[in-house]
Amino acid sequence: MTSPMKTRKGDTIRVTLDVSPPFYERLENLEKLVEARTKSDVIRQALQFYEFMAKKTAAGFRFRLIGPTGQEENLVFFHLPDGGETKKDTKNSVPEVITN
């Protein structure tokens, strides 16, 4: 995944990722959906969101999704003490959001 080769350039570090074509397509689609300037912006924003969710989950927070008609679902992103856990999507090698 992450290349061991990193190049320091100013205040940034270049990291090279090897991704599958389906992953790259998802990245491009998300870049358009959120109107990001670059794919790097998408990855940075995704990491910020992931970190926020991980910290809140570790602190005991739970998350609910409320649909347009008012239906509600629990979102499980990480292993929780009550047995909820992340389901692995082996096709794309990324965690899948589980709804209860």
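Residues numbered from 1 in each chain as written. Predicted model: local features only at pLDDT ≥ 70, side-chain atom pairs only at ≥ 80, totals over all residues. Heavy atoms only, no water.

## Structural notes on the overall build of the protein chain
In step 1: Broken down by element type, the protein chain carries 2 helices and 7 strands.
In step 2: Ordered by position in the sequence, the α and β elements of the protein chain form the string β-β-α-α-β-β-β-β-β.
In step 3: The burial tally for the protein chain puts 18% of its 100 residues in the buried class.
In step 4: Summing over all exposed atoms, the protein chain offers an accessible surface of approximately 8300 Å²; the carbon and sulfur share of this is 56%. (Helix = DSSP H or I, 4+ residues; strand = E, 2+ residues; numbered from the N terminus. Buried < 20%, exposed > 50% of the residue type's maximum accessible area, 1.4 Å probe, protein only. Areas by Shrake-Rupley, 256 points an atom, 1.4 Å probe, with all protein chains shown as cover.)

## Here's the deal with a nonpolar patch on the surface
In step 1: A cluster of nonpolar side chains, Ile13, Val15, Leu17, Val19, Tyr24 and Ile43, forms an exposed patch at the surface whose accessible area comes to about 480 Å².
In step 2: Per element, the largest residue contribution to the nonpolar patch is 3 residues, and it comes from strand E2 (residues 12-17).
In step 3: Note on placement: Leu17 falls in strand E2. (Patch = residues over 30% accessible without salt bridge, like charges linked within 9 Å, V, L, I, M, F, W, Y side chains within 5 Å. Salt bridge = Lys/Arg side-chain N within 4 Å of Asp/Glu carboxyl O.)

## Here's the deal with the confidence of the model for the protein chain
In step 1: Overall, the predicted model of the protein chain reaches an average pLDDT of 77, with 68% of residues at or above 70.
In step 2: Element-level mean pLDDT values for the protein chain span from 42 in strand E5 (residues 87-89) up to 96 in helix H1 (residues 21-33).
In step 3: Confidence over residues 82-96 falls short of pLDDT 50; this stretch has 26 contacts with residues more than four positions distant or in other chains. (pLDDT = per-residue confidence, 0-100. Contact = heavy atoms within 4.5 Å.)

## Examining the packing of aromatic side chains
In step 1: Enumeration according to the criterion identifies 0 aromatic pairs in this entry.
In step 2: Sitting above the plane of the Phe61 ring, Lys56 keeps its charged end 4.7 Å from the centroid. (Phe/Tyr/Trp six-rings, centres within 6.5 Å; stacked < 30°, edge-to-face > 60°. Lys NZ or Arg CZ within 6 Å of the ring centre and 35° of its normal.)

## Observations regarding the pattern of salt bridges
Side-chain pairs of opposite charge can arise where the charged atoms are in close proximity.
In step 1: Tallied over the full model, the rule gives 5 salt bridges.
In step 2: Of the charged contacts in the structure, one is a salt bridge between Asp41 and Arg37, with a shortest N-O distance of 3.3 Å.
In step 3: Exposure remark for Arg37: the relative accessible area of 70% places this residue in the exposed category.
In step 4: Within this structure, Arg37, Asp41 and Arg44 form a network of salt bridges that share partners.

## Thoughts on helix H2 (residues 39-58)
In step 1: If you check H2, its first and last C-alpha atoms are 28 Å apart, about what 20 residues at 1.5 Å a residue would give, namely 28 Å.
In step 2: Buried residues of H2: Asp41, Val42, Met53 and Thr57, and no others. Each buried residue of H2 lies within a common arc of 130° when the element is viewed along its axis, so the set occupies one face. Facing away from the buried surface of H2 by more than 90 degrees, the exposed residues are Leu47, Gln48, Lys55 and Ala58.
In step 3: In this fold, the buried residues of H2 make contact with H1 and strand E3 (63-66).
In step 4: Gly60 sits one or two residues past H2 and shows a positive phi near 100°. (Expected span 1.5 Å × (residues − 1). Arc of directions from axis to C-beta.)

## Observations regarding the packing of H1 against H2
In step 1: Viewed as axis vectors pointing N to C, H1 and H2 meet at an angle of 90°, and their least axial separation amounts to 9 Å. Between H1 and H2, the angle is such that the two are roughly perpendicular. Residues Tyr24, Leu27, Glu28, Leu30 and Glu31 of H1 form the contact with H2, whose participating residues are Lys39, Val42 and Ile43. (Axes fitted to C-alpha atoms, helices over the stretch in contact; angles between N-to-C directions. Parallel < 35°, antiparallel > 145°, perpendicular 65-115°, else oblique.)

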